[in-house]
Amino acid sequence: MDISLKDREFISSVSITDIPWRRLVCSSGRAGNFPQWLNDLGELKSRSNINFALSSLSQDMEHQSTLWHCTPFALIFAVRALDNALQQLEQNELADFLAGELIDWFAWLNRGINEIEAYEHAAPLEHFADLLDERYLLPDVNSHDNDDDDENDVADENGDEDEESDDEDDDWEEDEDDCFEDDLDYPDNVFYSFYYYSKVAIESSREVIIRHNAVLNDNLRSLAQELFPDLIVNELKI
């Protein structure tokens, strides 16, 4: 799979803070917790943190073969976590554990994407970053919160606490993770792009694995071959 220069540049340069996670759909609602989980993968502090992050991400990025708006972006940072783990492979035993889990997970996701691609589908959006077009994002929760703050400031100045306003705030908090339900009618090309660019992100791990070939143990090489069946034979020469 060829990755365009523009997509390569996006994958290599985008920061985790550049992604409007709270405006991306995941299995359970908004993907607001993703930065913490992805950072936990990068920090390699404890197996319990890693397991929790992996479990949470896998549950919220895929459900019954459905990938979500958050999935391709999360995979960019999961591949970076793999790169970081392989760099520490000889110094940190958690690195070997995480690298194996990530490669195996990528292979599992890739098999599901290949099954989807076997069916007729729309063409994807032209570039990875096009998925962040304002038209495809959920309503901005923060802008709503800022409006509420302004209204509350006025109320405080007048010494008037409006119970009805408080009720509306409570309703918003309750509906916050459900408010996307009416906004999931993505155009076909956008929906297919969740799969296509997830595959692009996974494909970017090929170069990571090749770069760290010298330190891969037998288990990681076996997993890498499951992910990229042509990789070991044609590129790593093992």
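All of these numbers come straight from a predicted model, not from anything done at the bench.

1. Brief notes about the overall build of the protein chain
When its secondary structure is counted, the protein chain shows eleven helices and four strands. In the protein chain, buried positions account for 45% of the 238 residues. Within the protein chain, contacts between residues separated by at least 24 positions form 76% of all contacts whose residues are at least 6 apart in sequence. Surface accessibility of the protein chain: about 12,800 Å² in total, with carbon and sulfur atoms responsible for 42%.

2. Quick look at helix α3 (residues 47–61)
Look at α3: 21 Å from first C-alpha to last across 15 residues, which is about the 21 Å you get at 1.5 Å a residue. Inspection of α3 places I50, A53, L54, S56, L57, D60 and M61 among the buried residues, and these make up the whole buried set. Looking at the packing, one finds that the buried side of α3 touches β1 (25–26), α2 (34–43), β3 (62–63), β4 (66–67), α4 (71–87) and α5 (93–117).

3. Some points on the pattern of salt bridges
Scanning the model with the defined rule gives seven salt bridges in all. Residues D83 and R211 are paired through a salt bridge, measuring 3.0 Å at the closest nitrogen-oxygen approach. Of the two residues, D83 sits in helix α4 while R211 sits in helix α9 (residues 205–211), which places them 128 residues apart along the sequence. Exposure remark for D83: the relative accessible area of 16% places this residue in the buried category. Judged by relative accessible area, R211 falls into the exposed class, the value being 51%. Linked by salt bridges that have partners in common, E203, R206 and D230 make up one network.

4. Brief notes about the confidence of the model for the protein chain
When pLDDT is averaged across the protein chain, the result is 85; 79% of the residues are at 70 or more. A low-confidence stretch, residues 144–181 (pLDDT under 50), is modelled with 19 contacts involving residues beyond four sequence positions or located in other chains.

5. Details of the packing of aromatic side chains
Per the stated rule, a full pass over the model turns up 13 aromatic pairs. Between Y196 and Y197 the ring centres are 4.8 Å apart and the planes differ by 90 degrees, which places this aromatic pair in the edge-to-face class. Judged by relative accessible area, which is 22%, Y196 ranks as partly exposed. Ring pairs connect the aromatic residues F10, F73, F128, Y192, Y196 and Y197, which therefore count as one cluster. Over the face of the ring belonging to F97 we find R47, whose NZ or CZ atom lies 4.1 Å from the ring centre. Note that R206 overlies the ring of F228, its terminal NZ or CZ placed 4.4 Å from the centroid.

6. Things to note about the nonpolar core
One finds W21, F34, L41, L102 and F106 to be the most contacted residues of the largest nonpolar core, which totals 72 residues. Considering each element in turn, this core owes the most residues, twelve residues, to α5. If sequence neighbours within four positions are ignored, L102 has contacts with L41, L54, A78, A81 and L82.

7. Focus: unusual backbone geometry
Even without being glycine, L44 reaches a positive phi, approximately 55 degrees. By the element assignment, L44 lies in the loop between α2 and α3. Accessibility expressed as a relative area gives 5% for L44, which makes it buried. Notably, S65 is not glycine yet its phi reads approximately 75 degrees, a positive angle.

8. Here we look at the packing of α2 against α4
Packing of α2 against α4 leaves a shortest axis separation of 8 Å and a crossing angle of 15 degrees. In terms of orientation, α2 and α4 fall into the roughly parallel class. Crossing geometry of α2 relative to α4 is assigned as right-handed. Seen from α2, the contacting residues are F34, L38, L41 and G42; seen from α4, they are A74, F77, A78, A81 and N84. Looking at side-chain class alone, the contact of α2 with α4 contains seven nonpolar, two polar and no charged residues.

So, how was this worked out
- Residues numbered from 1 in each chain as written.
- Predicted model: local features only at pLDDT ≥ 70, side-chain atom pairs only at ≥ 80, totals over all residues.
- Heavy atoms only, no water.
- Helix = DSSP H or I, 4+ residues; strand = E, 2+ residues; numbered from the N terminus.
- Buried < 20%, exposed > 50% of the residue type's maximum accessible area, 1.4 Å probe, protein only.
- Contact = heavy atoms within 4.5 Å.
- Areas by Shrake-Rupley, 256 points an atom, 1.4 Å probe, with all protein chains shown as cover.
- Expected span 1.5 Å × (residues − 1).
- Salt bridge = Lys/Arg side-chain N within 4 Å of Asp/Glu carboxyl O.
- pLDDT = per-residue confidence, 0-100.
- Phe/Tyr/Trp six-rings, centres within 6.5 Å; stacked < 30°, edge-to-face > 60°.
- Lys NZ or Arg CZ within 6 Å of the ring centre and 35° of its normal.
- Core = buried A, V, L, I, M, F, W, Y, C linked by side-chain atoms within 4.5 Å.
- Axes fitted to C-alpha atoms, helices over the stretch in contact; angles between N-to-C directions.
- Parallel < 35°, antiparallel > 145°, perpendicular 65-115°, else oblique.
- Left-handed = near helix turned anticlockwise from the far one by under 90°.
- Nonpolar A, V, L, I, M, F, W, Y, C, P; charged D, E, K, R; others polar.

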